[in-house]
Amino acid sequence: MIDFIRVHYPDKRVLENWIEENEHFTKIEQVVNTRDGECQNSKKTYYQGFTISINENSGYIKNSIHKSENLRLKGKATNYDDFMYSQLSEAIEFYDNKIQGFASSRLNQFEFGLNISVSQRAEDIIHNNVVSHHGKDHNEYNKYRNRGSLKRFNHYNYGIKIYDKAKQNILEDDLPEGNLLRFEIAFKNHKDFHKLNIYCLNDLLKKPNLESLFALLLKRFDEMDILDEIPRDGSIPKDVEKELDRFYSLRYWEVDIKKFSRNTKAKKRRRFNQLLIQYDLIKTKASIRSALVSKFQFLINN
């Protein structure tokens, strides 16, 4: 569920004192001014996969809590396996006992998503079916030199990521068999998750908050256009085929429709949704949605 986190410490002395008192830190990086050779008030070190940075007045801890927990328990910093509620709780409690203020300091970024098994190759779904979010094209489509597939849709306060989780970890020996797809919302700042009463990691231990997060994740998923191929076998009337071809075009939603009023745009969108349901063109999306619901129920109850 929870992956990347960024915990902010407004008073850097909390982290500085902890590092000085902990003999684990044998290596601390410090920024040096290349012009005069003077050390700056910026330090960086690492703990169990986390990056710990200290600036002029404040500090922060960031990285994947899922990877850090797997590194601690399994010796591998991976995150393609399930990260259940009990494991999340154990991880937060463990690091809170090790790092002062870890669970109670301000959380200003984090990622929430689910890994699900799908019947098709995940990279094929991403390439052929994942079209847009809110009628907008992706901002990034990365194939990682044929070692992965990711589409990212960026917005001001958050981003949506959908990617092939199995292929990303193709070299891992203990990778589960099958096709693994991840759908994730990445909060760029606290604006959206403060509305859900989430301010620190301790708040992620409250199941109602996780349920609210999942409701938001589903809302973002429902806003996606994940479309099946239009059949050309005569099962759809030709005039409807042409209408669907127009609706399937990103140019239509991003350019052509701009000349219409808000009411007309909404009417066109309702017509598109009606045709998708009528001609059963969202089977892939429905299957993924069902898998997301099932996986969340499994994770939060284990």
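Remember, predicted model here, so these are calculated numbers, not experimental data. By convention here, each chain's residues receive numbers from 1 onward along its written sequence. Selection of residues for local features in this predicted model requires a pLDDT of at least 70, selection of side-chain atom pairs for listing and counting requires 80 or more, and totals for whole chains, interfaces and linings are taken over all residues. Where side-chain values are given, they derive from all heavy atoms of the structure, hydrogens and water being excluded.

Colleague: Please provide a residue-by-residue account of the overall build of the protein chain, values included.
Modeller: Scanning the protein chain for helices and strands turns up eleven helices and twelve strands. If one aligns the C-alpha atoms of the protein chain with their principal axes, the spans along those axes are about 75 × 45 × 40 Å. For every residue, the accessible area (1.4 Å probe, protein chains only) is compared with the maximum for its type, and the residue is labelled buried under 20%, exposed over 50%, or partly exposed between those bounds. When burial is assessed residue by residue, the protein chain has 46% of its 302 residues classed as buried. Whether two residues are in contact is decided by their heavy atoms, any of which lying within 4.5 Å being enough. Put simply, 65% of the contacts in the protein chain that link residues at least 6 apart link residues at least 24 apart. For the protein chain, the exposed surface amounts to about 16000 Å²; the carbon and sulfur share of it is 46%. Only DSSP runs of H or I reaching four residues or more are called helices, and only runs of E reaching two or more are called strands; each is numbered from the N terminus. A 1.4 Å probe and the Shrake-Rupley method give the accessible areas. Residues count as covered only by the protein chains that appear here.

Colleague: Help me get a handle on empty space enclosed by the protein, residues and values and all.
Modeller: A pocket, in this scheme, is an open set of points on a 1 Å grid over the protein atoms alone with protein on both sides within 12 Å along at least 5 of 7 lines, while a cavity is a set where a 1.4 Å probe fits but cannot get out; residues line either one if an atom lies within 4 Å of a point. Grid points are joined across faces, edges and corners, and a volume is the space filled by probe spheres set on the points. Scanning the model with the defined rule gives one cavity of 30 Å³ or more in all. Of all the secondary structure elements, the ones that give two or more residues to the lining of the largest cavity are strand S6 (106–118) and helix H11 (283–300). Among the elements that line the lining of the largest cavity, the one with the most residues is S6, at three residues. In this count, Pro and Cys sit with the nonpolar residues alongside Ala, Val, Leu, Ile, Met, Phe, Trp and Tyr, while Asp, Glu, Lys and Arg are called charged and the others, Gly among them, polar. Tallied by class, residues from the lining of the largest cavity come to four nonpolar, three polar and four charged.

Colleague: An account of the pairing of strand S9 (residues 150–154) is requested, with residue identities and associated values reported.
Modeller: A pair of strands is labelled paired if DSSP reports no fewer than 2 bridges between them. Sheet analysis places strand S8 (residues 140–142) next to S9, joined by three bridges and oriented antiparallel. By the bridge assignment for S9, Asn 142 is matched with Leu 150. Where S9 hands over to strand S10 (residues 158–164), the hairpin turn is made up of three residues, counted between the paired strands.

Colleague: How would you summarise the nonpolar core if you had to cite specific residues and measurements?
Modeller: Membership of the largest hydrophobic core comes to 60 residues, with the highest contact counts inside it found for Ile 2, Ile 5, Phe 102, Phe 110, Phe 112, Leu 210 and Leu 213. Looking at this core element by element, the count peaks at seven residues for helix H7 (residues 207–222). Val 131, Val 240, Ile 257 and Phe 272 belong to the second-largest nonpolar core, a separate cluster that totals 17 residues. Residues belong to one nonpolar core when they are buried, are Ala, Val, Leu, Ile, Met, Phe, Trp, Tyr or Cys, and are joined through side-chain atoms within 4.5 Å.

Colleague: I'd like to hear about helix H10 (residues 262–278), residue by residue, with values.
Modeller: For a helix, the expected span equals 1.5 Å multiplied by the residue count minus one. In a regular helix each residue adds 1.5 Å, so 17 residues correspond to 24 Å; H10 covers 24 Å between its end C-alpha atoms and thus fits that length. Every buried residue of H10 is listed here: Phe 272, Leu 275 and Leu 276. Along the axis of H10, the buried positions cluster into a sector of 105 degrees, meaning they face one direction only. Of the exposed residues in H10, those oriented more than 90 degrees away from the buried face are Arg 262, Asn 263, Lys 267, Arg 270 and Ile 277. Where H10 is buried, its residues meet strand S12 (224–226), helix H8 (238–248) and helix H9 (250–254). Arc definition: it is the arc formed by the directions from the helix axis to the C-beta atoms.

Colleague: Would you mind going over the side chain of Glu 16 in detail, with residue names and values included?
Modeller: Structurally, Glu 16 can be placed in helix H1 (residues 12–21). With a relative accessible area of 16%, Glu 16 lands in the buried category. Setting aside chain neighbours within four positions, we find Glu 16 in contact with Lys 43 and Ile 54.

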